[in-house]
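Report on the structure
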Amino acid sequence: VEPAERMVGRCDHDVAFVEQGLGRDVGLVDGRRILRQAKTGAIVAIPEAPELTERLARMRLRRRKWKVMPQELVCNEAARAPFKPDHYRHCFGAVRDAAVAGVRQADGSWLVAPTPSLADARDQDLRDTAVTWLARAGCTIPEIGAITGHSSETIHAILKHYLVQHPELAENAMQKLVTWYDKP
């Protein structure tokens with residue numbers, strides 16, 4: 001465990017680094033991607049998952065010939081600029097509608113099977129799903145907040161709403177109780 005002074009210094013360095021990057025993604029620092037959440041202003045410094053590393057590499061290849069490179073990770077690649085909020089909502093809606101209807105390949109087989117349960121999905125639901133998946137993976141509330149930037153109260157509210165749908169959590173909890181109770 002790092003001494004408290006070093007942790008404070010590390011935090012100040014991270015904040016300064018993000019401020020220098022105008023609150024946008026500034027890349028990897030000590031193996032972590034440091035971002036400032038647009039909505040809450042929370043700073044998160046998270047290790048980069050392999051899937052994100054691969055997607056960012058593909059994004060950089062697509063954007064290599066751009067004359068001006070936006071700082072935002074998520075941008076309108078057709079316009080080569082950050083998304084305007086209304087256009088982003090329109091694009092998200094088009095992707096959602098395609099997922100609801102399903103997407104067929106040229107041979108008629110499903111590339112993406114219809115998913116009617118997504119009919120009323122919003123992009124915010126993706127963050128809630130991330131919180132739920134992190135909890136199901138065994139992450140603690142502070143660990144989830146360190147990745148998502150949510151407050152513990154918000155994480156609790158999300159989990160209260162979504163985790164009741166996962167009976168395997170009750171099975172895991174009961175197994176832990178039995179194991180604890182059976183200890184000599």
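Above this text sits the structure in question.
Cut-offs and rules
- Residues numbered from 1 in each chain as written.
- Predicted model: local features only at pLDDT ≥ 70, side-chain atom pairs only at ≥ 80, totals over all residues.
- Heavy atoms only, no water.
- Buried < 20%, exposed > 50% of the residue type's maximum accessible area, 1.4 Å probe, protein only.
- Helix = DSSP H or I, 4+ residues; strand = E, 2+ residues; numbered from the N terminus.
- Arc of directions from axis to C-beta.
- Contact = heavy atoms within 4.5 Å.
- Phe/Tyr/Trp six-rings, centres within 6.5 Å; stacked < 30°, edge-to-face > 60°.
- Lys NZ or Arg CZ within 6 Å of the ring centre and 35° of its normal.
- Salt bridge = Lys/Arg side-chain N within 4 Å of Asp/Glu carboxyl O.
- Pairing = 2+ DSSP bridges.
- Patch = residues over 30% accessible without salt bridge, like charges linked within 9 Å, V, L, I, M, F, W, Y side chains within 5 Å.
- Areas by Shrake-Rupley, 256 points an atom, 1.4 Å probe, with all protein chains shown as cover.

Okay, helix 5 (residues 141–148) next. Among the residues of helix 5, those classed as buried are Ile144, Gly145 and Thr148. The buried residues of helix 5 all sit within an arc of 100° when viewed along its axis, so they share a single face. On its buried face, helix 5 is in contact with strand 3 (43–47), helix 4 (124–136) and helix 6 (152–162). The positive-phi residue at the C-terminal boundary of helix 5 is Gly149, with phi of around 85°.

Our focus in this paragraph is the packing of aromatic side chains. Aromatic ring pairs: the centre-centre distance and the angle between the two ring planes describe each pair. What the rule picks out here adds up to two aromatic pairs. By way of ring pairs, the aromatic residues Phe83, Tyr88 and Phe92 are connected into one cluster. The ring of Trp110 is capped by Arg104, whose NZ or CZ atom sits 3.7 Å from the centre of that ring.

Pairs may arise between side chains of opposite charge once their charged atoms sit close together. Tallied over the entire structure, the rule returns eight salt bridges. In this structure, the salt-bridge partner of Glu77 is Arg63, at a minimum N-O distance of 3.2 Å. Of this pair, Glu77 sits in the loop between strand 4 (75–76) and strand 5 (81–82) while Arg63 sits in helix 2 (residues 50–63), and the two are 14 residues apart along the sequence. Exposure remark for Glu77: the relative accessible area of 25% places this residue in the partly exposed category. Accessibility expressed as a relative area gives 3% for Arg63, which makes it buried. For Arg89, the salt bridge identified is with Asp86, shortest N-O distance 2.4 Å. Of this pair, Arg89 and Asp86 both sit in helix 3 (residues 85–101), three residues apart, which is roughly one turn of the helix. A single burial state applies to Arg89 and to Asp86, both of which are exposed. One salt-bridge network, in which partners are shared between bridges, spans Arg62, Arg63 and Glu77.

A few words on the pairing of strand 2 (residues 32–36). Note that strand 1 (residues 28–29) and strand 2 share two bridges and pair antiparallel. Directly across from Leu28, in strand 2, lies its bridge partner Arg33. Connecting the antiparallel pair strand 1 and strand 2 is a turn made up of two residues, with Asp30 showing a positive phi of about 50°. Where strand 2 meets strand 3, five bridges bridge the pair, whose relative direction is antiparallel. Note on strand 3: the bridge partner recorded for Arg32 is Pro47. Where strand 2 folds back on strand 3, the antiparallel hairpin that results is connected by six residues, among which Gly41 adopts a positive phi of roughly 80°.

What follows covers the side chain of Asp125. On the secondary structure map, Asp125 appears in helix 4. A residue is classified by how much of its surface remains accessible, and Asp125, at 19% relative accessible area, is buried. The contacts of Asp125, once residues within four sequence positions are left out, are Asp120 and Tyr162.

A contiguous nonpolar surface patch, about 590 Å² in accessible area, is contributed by Met174, Leu177, Val178, Trp180 and Tyr181. Of note, Met174 is situated in helix 7 (residues 168–181).

You will see that Asp30, though not glycine, has its phi angle at about 50°, which is positive. Within the element layout of this structure, Asp30 appears in the loop between strand 1 and strand 2. The exposure class assigned to Asp30 is exposed, which follows from its relative accessible area of 57%. Phi angles above zero are rare outside glycine, and Arg80 is one such case at about 55°. Counting through the fold element by element, Arg80 comes out in the loop between strand 4 and strand 5. Overall, Arg80 belongs to the partly exposed group, its relative accessible area being 46%.

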